[in-house]
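# Fold and contact review
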Amino acid sequence: MNQPLHYGLVALLLANAPTVRADAAAAPVEFNRDIRPILSNACFVCHGPDNNLRKAELRLDREKDAFADRGGYRVLVPGKPDESPLYQRITARGKKQMPPPKHPHQLTKAQIELLRCWVAEGAKYQEHWSLIAAKKAALPALKNADWVRNPIDRCVLARLEQEGIAPAPEADRRTLIRRLSFDLTGLPPEPDEVDAFVNDNTSTAYEKMLERLLRSPHFGERMAQHWLDWVRFADTAGYHSDNHRDLYLYRDYVIAAFNDNMPFDRFTTEQLAGDLLPEPTRAQRIASGYNRLLQTTEEGGAQAREYMAKYAADRVRNFSSVWLGMTMGCAECHDHKFDPFSTREFYKLEAFFADIQEVAVGRQPQTLMPNPDQAKRLKELDGAIAAAQEQLKTKGDAAAKTRLAELQKQKQAMTKDVPTTLISTAMNPRHIRILKRGNWLDDSGELVVPGVPAALPPLKVARQRADRLDLARWLVAADNPLTARVFVNRLWMVLFGQGIVKTTEDFGAQGAWPSHPDLLDWLAIEFRDSGWNVKHMIKLMATSATYRQSARASEKLRQRDPSNLLLARQARFRLDAEAVRDNALAISGLLSRRIGGPSAKPYQPAGYWKLLNFPTRVYQADKGENQYRRGLYTYWQRTFPHPSLLAFDAPSREECTAERTRSNTPLQALVLLNDPSYVEAARALAERIMREGTTREGTTREAVIQAAYRRALNRPAQPAEVALLTGLFEKHLAQYRADGKSAEAFLRVGDRPAPGDVPVAELAAWTSVARVILNLHETITRN
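Structural notes, computed from the coordinates. Owing to the predicted nature of the structure, the values given are computational and were not obtained by experimental measurement.

Reading the values: rules and limits
Residues numbered from 1 in each chain as written. Predicted model: local features only at pLDDT ≥ 70, side-chain atom pairs only at ≥ 80, totals over all residues. Heavy atoms only, no water. Buried < 20%, exposed > 50% of the residue type's maximum accessible area, 1.4 Å probe, protein only. Helix = DSSP H or I, 4+ residues; strand = E, 2+ residues; numbered from the N terminus. Arc of directions from axis to C-beta. Contact = heavy atoms within 4.5 Å. Core = buried A, V, L, I, M, F, W, Y, C linked by side-chain atoms within 4.5 Å. Salt bridge = Lys/Arg side-chain N within 4 Å of Asp/Glu carboxyl O. Axes fitted to C-alpha atoms, helices over the stretch in contact; angles between N-to-C directions. Parallel < 35°, antiparallel > 145°, perpendicular 65-115°, else oblique. Nonpolar A, V, L, I, M, F, W, Y, C, P; charged D, E, K, R; others polar.

For an α-helix, 3.6 residues make a turn, and residues three or four places apart therefore share a direction. Every buried residue of helix α9 (residues 191-198) is accounted for by Pro191, Val194 and Phe197. Across the axial projection of α9, the buried residues extend over an arc of 130 degrees, all falling on one side. Looking at the buried residues of α9, the elements they touch are α8 (173-185), α10 (205-215) and α28 (701-712).

Spelled out as structure tokens, the structure:
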């Protein structure tokens, strides 16, 4: 699988892929890598898995069908493309042309030639790569292994040597600590931490920094942000009135699980079936709330059967996206057009979740989840209440009655402070029928029981009906080809900007071919064999020479490999929405580093919620510390996500978002300049740098600017930058001295009062400078 790409396949199928070596044509064609993507894109809609839309009774996604006798002929004649009807039709013109002239995906000359070579070489099929069990192939031999730090590098360098490309040099230490801090905590390093790392001359300096960041409680927050995107966590129900529900305990569980390095197989099991474990703990019951994260409705006129069908389908879509990396949603109405998943199998997966108690239409009942101290006190109160009731029953005196009333009042008051959440509670499973074309009104379909797709390993269950616990164990079984691959690919995305499989949400026929298939399999097996150890995998990736490369690239390399599929350099990309704000708050000194708890409400434009009804709501921004909490804790209103986060591509979390888009728009610059959170952060940063730029000799403008750069970018400002920002400061200082009221109004933005011992015009002018620094591309970019 480490052969050079055939006929520039990546360049053909991915418009932004690298050009390949001239001798690539010597490599044999591989069906999964070279042919399946072409057939999937151009042929499978009419000649693929979907029975309902199949034309001419021809199926090209399976070998036995493609080679079937069709009344004296076969569409493929191995070794003889000119005698193969398939090749004849793709080279024909007019009525016999395939795909038809009006088809949106026409074959290129290069793709037709690739298909010809495939037939000439025997038209050999393969099962789809992601459905084949991962194998830990022998690590490749190298011409020069000096660069290698661990097995990851052997796989990467082998490919680079094939392509005749050298890896980038290691990034400088300032870049490395900023990169690792953003990747593992979502926060910038403190200036003192940068200095300590830069000046640490020991051979273990990098490893010590990495271990420190993995131990940070903010590591769990960083990883939770991605997981919450995948499982579509939100504070509101989604449909119709999109009302509030308490679920923050689930978020706390996820943060703690990553911080504690909970094995991923256990993490999986507790979420899908924590309530089915023997004597489930409080944490396991909270974890089972995963099954309740979907959108629900409280609309009075909604049809219960319709919404139960929606809920069931939603769970299968999310489950298959999160753990299998497959787009199974379309199989709700018809057999999958590209992948081997039938409608019947979709509903068999629904049946696993048919035991979950829930309200079809209306407010979902919340469950009290007292913490250990609360549980102890409630138990004491229950005992005292029982004793008081007995005393009242036997004696009937007024004192007993008063005592009972007081105890009940105490319990009622305490119960108000006990957090609630949504959890899974098992009941007798509902009947699940196949809904023809997804029509909830048609209940004539076949009854099905829980089961897994036939294209994947069978479910090993002794009893008659499998449950969610069996499903979880099936996911993390050694023979499951998807779970470990999907998760390590997403870890790779976190640390490298994109997955080894670029389509992190789709490991099916329409998804991308892995840029390094052997590396993906090696990582998947290493993950499983390590005991599903998440921090072990991150450490492996982060200590590799591949990760530690500079993101700089020559123009020649950018032209050849613009998307960095070959990994000859590190990636440079904008921080996620939450991290953009967290970064500004951290630089300014405003950030609250408290872990966990209810969601927070940062500043938001007045009237943004005016279209929310049943009931109408007025957004009340939080005061005090809650105003400065990390973006992870921002209140997530599905129909109206926080506009500042939305501007930086945060999702609504109505569906699984395996990977966020990264746009670059003028609106983002306006948010950084004008959102009260950023204006207030700029003022706090201005106060900070004015103090830090003051020495015994007094305050110089250059010293203040250098303090700002040390805080925001962890580097000295260059002379040209100092000159530019000094000019900006002087211009705004003159304006604010001439217009004191504007300066005072400017400094009143946000809840935090401006200090009374700093000249107003000077502070306002430095705030303007700080706004510019917070808006720099470098400030919001992970390098």
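Attention now goes to the nonpolar core. Residues Trp227, Phe319 and Leu523 are the most contacted members of the largest nonpolar core, which totals 119 residues. Per element, the largest residue contribution to this core is 10 residues, and it comes from helix α20 (residues 483-496). Ignoring anything within four residues of it in the chain, the contact list for Phe319 reads Leu272, Tyr290, Leu324, Leu349, Phe353, Leu471, Trp474 and Leu475. Ranked by size, the runner-up nonpolar core spans 57 residues in total, among them Tyr709, Leu733, Ala761 and Trp766.

Further remarks concern the pattern of salt bridges. Throughout the structure, instances matching the rule amount to 54 salt bridges. Here Arg630 makes a salt bridge to Glu221, at a shortest N to O gap of 2.8 Å. Linking Arg630 in the loop between α24 (577-588) and α25 (643-647) with Glu221 in helix α11 (residues 217-230), this pair joins segments that are 409 residues apart in sequence. The burial state of Arg630 is the same as that of Glu221; both residues are buried. Taken together, the salt bridges that share partners define one network made up of Glu190, Arg593, Arg688, Glu692 and Arg711.

With that out of the way, let us pick up the packing of helix α7 (residues 151-163) against helix α21 (residues 517-529). Their axes nearest at 9 Å, the elements α7 and α21 cross at an angle of 170 degrees. Classified by the angle their axes make, α7 and α21 are roughly antiparallel. Between α7, through Pro151, Ile152, Cys155 and Val156, and α21, the contact on the second element is made entirely by Leu519, Trp522 and Leu523. Taken together, the residues that form the contact of α7 with α21 break down as 7 nonpolar, no polar and no charged.

Geometric values such as these leave the question of function open.
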